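# Summary of the model geometry
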Amino acid sequence: MIHLRLPRLQLRLVAICLSLLFAVQAGGYLLIHRSLERNARAEIDTRLGAAAEVAQRLFAERQVELHRLADRLDDDIYFVNAWHVGSAERLAAALRRSQADADAVQVLVLDAALGTRAQVPVGRAWTVPSWKDWLGRIEPGRDSGARLAPRIELLDSDPLTGRAGLRLWIAAPVRASGDAGWITKAVTLDDALLARMRDLAHTELAVLVRRPQAPGWEVRAATLPAGLRAALAEQWAGDDAAQELKLGGAGYRTRFLALAGIGGKADERTQIVLLASVDEALAPYAAMKWTLAGLGVLGLAVFGAGAWLTARRITRPLRELSVSARRLSVGDYEEPVTLKSQDEIGELAQAFETMRQAVSQREAEIRRLAFRDALTDLPNREQFRQDLRRAIAASLARNAACSIVMLDLDRFKHVNDVLGHRFGDRLLKIVAQKLRDEVLGTGDVLARLGGDEFVILLPRTDAQEAMATAQRILRVFERPLTLDDNTVDLGAGIGVAGCPEHATNADQLLARAEIAMYVAKREHAGTVIFHPELDSTSQESLSLLGELRRAIDRDELRLVLQPKVDLRTGQLVGAEALLRWQHPTRGLVPPMRFVPFAEQTGFIRLLTNWLVERVCREQQTLRARGLNLKLSLNLSTRDLMDPDLPGKLQKQIAHYGIEAGAFVLEITESAIMDDPQRALQTLMKLHEMGLKLSIDDFGVGYSSLAYLKRLPVDELKIDKSFVMNMAADLDDAKIVRSTIDLAHNLGLTVVAEGLESAHSWKMLAVLGCDQAQGYFVARPMPADQFADWAQRWVAPDTAGERLATDFVAII
């Protein structure tokens, strides 16, 4: 692909200026050209009008001259005597003596009846036109004052030439001693006569004739060259007063005079056409046009030179600023911009200098911030990585060890949400100061990785020795922190990794310490030292999570149900809906292998949506088979934080047409305590919808009774760890009894998990527990098998079970 380089700014400025000037000059030239053409055509039309008047005046003068001749003949005794005698020879002689035949080809003397009395010249076989439609309608008396318009006679064969021709007739009345008559005179209308008229009118002339039998106009006489006559006849329209024709490549403006025919032939048309050349009229202006063009070229040249100098004056400082900008782009901020100018370019140069100073200052600040944490003024992740690389290199060089201790604060998000981010930032400063004062030893490096994560580099210390530092960190968080009259109880999950035991690369060592730290937080283990099994588990979890994203589309998830029974009546009252993953190659994947990671990534919401839809569908199936049971399903922390959860549940319940009270939503204490305020808002909305709410695994969390009574719950589920040990541990039995009493006092239903035997059934029933679920009733089963199992269910007989004396004593 070819890339064309755009012209420089200087050339573009010159081009723009010249283009604008050229556009103005071209527009002006075009206007002048059109104005000259209009003026030339107007002048031609004026000339043609004047020429038409000249032609009419010539005809009129001939008419006047003939009238004068008639007046002389009236006074000529010889003519009068010849008229009375009736002698044609004497009349002809009188006509010749009075020069009546001057400039005429034929002169006739007519009596009142339009009969021919005499003609000159004599002895030639003249044709005589019919006078009836012309002179026959006019009284020839002298006092009539008639001024007769000339008439045209079309000759197919002129006696003089033998060719077709034209005669122009004029007439005047005569009175020879009282006898009225006419004198008529004919002139040949040929090229010679038109040439004389052209000299007077200063225009070209042509006589065009059109007869009924002819297809078009015919040129009988003209001053035009022979080559133009045919073009004139072809283009002539004959009806327009003014036309513009193209003859021989030249333009002609026209005007015509119509002449009446003689002899009553009204369908014959004769016109004298006057023509004036447009090109000849424009010729005097050609020099003016060339002068204007020359001045335009000269103006372009002068203006171009001025534009070039002006553009050069503008672009020279811009080039200097461009050089300065390139220096700034490569990080050279030392040389100042010193361009001096009092115009806008000078202002731009000053702006460049201000920018140079500001960028230089910010660059220095950026370099500082790039390696320091702005909040705590500790080294940041990048600085720590560089320090760790140097420590690893030094350790490997002297065959020694070094370790890192990474920690992430517990419950810090809750502090941020409740007390605000500004309070959280101040708390992080206090934590950083305490770690610096109470944990660090000589040569140790403390850094903040981001958020609420910190890391400590311990040179010359292996992973086992680093545990002492981890214990000091835990002791720091054993004492609550006080800030603005608020007492904050924080904890930490700590991961430890050492070089060269776990990694010899800085990034890998950080990653493995992070893996250990998250394991410590998940298992509430306080401190965990990295070991290879943690990494493989992490990799497997990531792999499972990637496959889980496709499991829904591939229909690999399964719904299973574990029944719930009423301990007093033995009737089946409901079931807990559980999720299973039937992997195509791994087989049945336990929920604890994928649910925690799905919750951490937010994918748990998609799993919940799938579970809600399947539970609604299963409830519809059970209703169709006559089983009116409550189905329970678990909600995660992410679900409770989802503001769209109530709407999603409402949509599914409405779609399947089932009342909300047929479902129980189970929530763990820890899920509620992660963000109590938001959790309470969501639970209130669910309660208002009519859904039943249950606290799952009650007794293993940290919630207070004061907070519990505020929750809109309907049910408590006792954790199976207490239920399964009741028979062997009386303390667990006391906890179960206390929980049941507490729940009943709060108006709640109690469900026991982990029912493993008939003896446990008997104990729970005696303690007043309402419902139970466990392997003694049934293991979780596929949803498509549950309805058949429910219809076959028969409660066990526990009457023969004997309770221990010490157990009976606590009832």
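To continue, consider the overall build of the chain. From N to C terminus, the chain includes 25 helices and 27 strands. Compactness check: the chain gives a C-alpha radius of gyration of 62 Å against a globular reference of 28 Å for 811 residues, more than 25% above the reference. When its C-alpha atoms are laid out on the principal axes, the chain stretches across 190 × 85 × 50 Å. Counting only residues that meet the buried cut, the chain has 46% of its 811 residues in that class. Considering only intrachain contacts with a sequence separation of at least 6, the fraction spanning at least 24 residues in the chain is 65%.

Strand order in the open sheet formed by 5 strands is E7-E6-E10-E9-E8, and the pairing between neighbours is antiparallel. In this open sheet, the two strands that pair with only one neighbour each are strand E7 (218-222) and strand E8 (244-247). When strand polarity is set aside, the average angle formed by the axes of neighbouring strands in this sheet is 40 degrees. Of the pairings in the sheet, the one linking strand E9 (residues 250-259) to strand E10 (residues 269-277) comprises 8 bridges and is antiparallel in character. Looking at E10, one finds that Phe256 is bridged to Val273. Here helix H5 (residues 226-235) sits on the sheet and contacts strand E6 (204-210), E7, E8, E9 and E10; the angle it forms with E8, its principal contact strand, is near 145 degrees.

Moving on, we come to the pairing of strand E25 (residues 749-753). Two faces, one strand: in a regular strand the side chains alternate between the faces of the sheet. Among the 5 residues of E25, 4 are classified as buried, and the element is accordingly described as predominantly covered. Bridge analysis of strand E24 (residues 715-718) against E25 gives 4 bridges, and the strand direction is parallel. For Ile718, the partnering residue across the bridge sits in E25 and is Ala752. Note: E25 against strand E26 (residues 771-773), 3 bridges, orientation parallel.

A few words on the pattern of salt bridges. For the coordinates displayed, the defined rule picks out 31 salt bridges. Across the pair Glu37 and Arg41 runs a salt bridge, and its minimum N-O distance is 3.8 Å. Of the two residues, Glu37 and Arg41 both sit in helix H1 (residues 9-75), 4 residues apart, roughly one turn of that helix. Residue classification places Arg41 among the partly exposed positions, given a relative accessible area of 23%. Lys717 is the partner of Glu666 in a salt bridge, and the nearest nitrogen-oxygen pair spans 2.9 Å. Here Lys717 lies in strand E24 and Glu666 lies in strand E22 (residues 663-668), a separation of 51 residues in the sequence. With a relative accessible area of 0%, Lys717 lands in the buried category. Three or more residues are tied together by salt bridges with common partners; here these are Lys564, Glu576, Glu666, Glu715, Lys717 and Glu753.

The general pattern is negative phi for most residues beyond glycine and trans for most peptide bonds. At the junction of Val120 and Pro121, the peptide bond is cis and its omega measures out at -10 degrees in the coordinates. Look at His202: it is not a glycine, yet its phi comes out positive at around 60 degrees. Inspection of the secondary structure puts His202 in the loop between helix H4 (191-201) and E6. Using a relative accessible area of 58% as the deciding quantity, one classes His202 as exposed. Although it is not a glycine, Asp377 sits at a positive phi angle of roughly 60 degrees.

Attention now goes to the packing of aromatic side chains. Aromatic ring pairs: the centre-centre distance and the angle between the two ring planes describe each pair. Using the criterion set out here, one finds 8 aromatic pairs in the structure. Geometrically, the ring pair formed by Trp131 and Trp134 is tilted, given 6.0 Å between the ring centres and 35 degrees between the ring planes. Neither residue differs from the other here; Trp131 and Trp134 are each classed as buried. Between Trp581 and Phe594, the aromatic rings sit 5.4 Å apart at their centres with planes inclined by 85 degrees, giving edge-to-face as the arrangement. Taken together, the positions of Trp581 in strand E19 (residues 572-583) and Phe594 in helix H14 (residues 591-601) put the pair 13 residues apart, joining distant regions of the chain. For the pair Trp581 and Phe594, a shared accessibility class is recorded, and that class is buried. An aromatic cluster of at least three residues, connected via ring pairs, comprises Trp131, Trp134 and Trp169. Positioned above the aromatic ring of Trp83, the side-chain terminus of Arg117 is 4.2 Å from the ring centre. In this arrangement the basic side chain of Arg779 is found over the ring face of Tyr775, its NZ or CZ atom lying 4.0 Å from the centre.

We now examine the confidence of the model for the chain. Residues of the chain with pLDDT of at least 70 account for 92%, and the chain-wide mean is 84. E26 holds the highest mean pLDDT among the elements of the chain, 97, whereas helix H20 (residues 705-708) holds the lowest, 62. Here residues 1-7 is modelled with pLDDT under 50, and outside its nearest four sequence neighbours on either side it reaches 2 contacts, counting other chains as well. Within the model, pLDDT remains below 50 along residues 142-146, and this stretch shows 7 contacts once partners closer than five positions in the same chain are excluded.

This paragraph deals with a nonpolar patch on the surface. A contiguous nonpolar patch, built from Leu11, Trp308 and Leu309 and spanning about 280 Å² of accessible area, is present on the exposed surface. Tracing the chain through its elements places Trp308 in helix H6 (residues 278-329). The exposure class assigned to Trp308 is partly exposed, which follows from its relative accessible area of 33%.

As a further point, take the side chain of Thr188. Of note, Thr188 is situated in strand E5 (residues 179-188). Overall, the relative accessible area of 18% leaves Thr188 in the buried class. Among residues more than four places away in sequence, those in contact with Thr188 are Val105, Asp158, Leu166 and Leu193.

The rules behind the values
Residues numbered from 1 in each chain as written. Predicted model: local features only at pLDDT ≥ 70, side-chain atom pairs only at ≥ 80, totals over all residues. Heavy atoms only, no water. Helix = DSSP H or I, 4+ residues; strand = E, 2+ residues; numbered from the N terminus. Rg over C-alpha atoms; globule rule 2.2 N^0.38 Å. Buried < 20%, exposed > 50% of the residue type's maximum accessible area, 1.4 Å probe, protein only. Contact = heavy atoms within 4.5 Å. Pairing = 2+ DSSP bridges. Axes fitted to C-alpha atoms, helices over the stretch in contact; angles between N-to-C directions. Salt bridge = Lys/Arg side-chain N within 4 Å of Asp/Glu carboxyl O. Phe/Tyr/Trp six-rings, centres within 6.5 Å; stacked < 30°, edge-to-face > 60°. Lys NZ or Arg CZ within 6 Å of the ring centre and 35° of its normal. pLDDT = per-residue confidence, 0-100. Patch = residues over 30% accessible without salt bridge, like charges linked within 9 Å, V, L, I, M, F, W, Y side chains within 5 Å. Areas by Shrake-Rupley, 256 points an atom, 1.4 Å probe, with all protein chains shown as cover.

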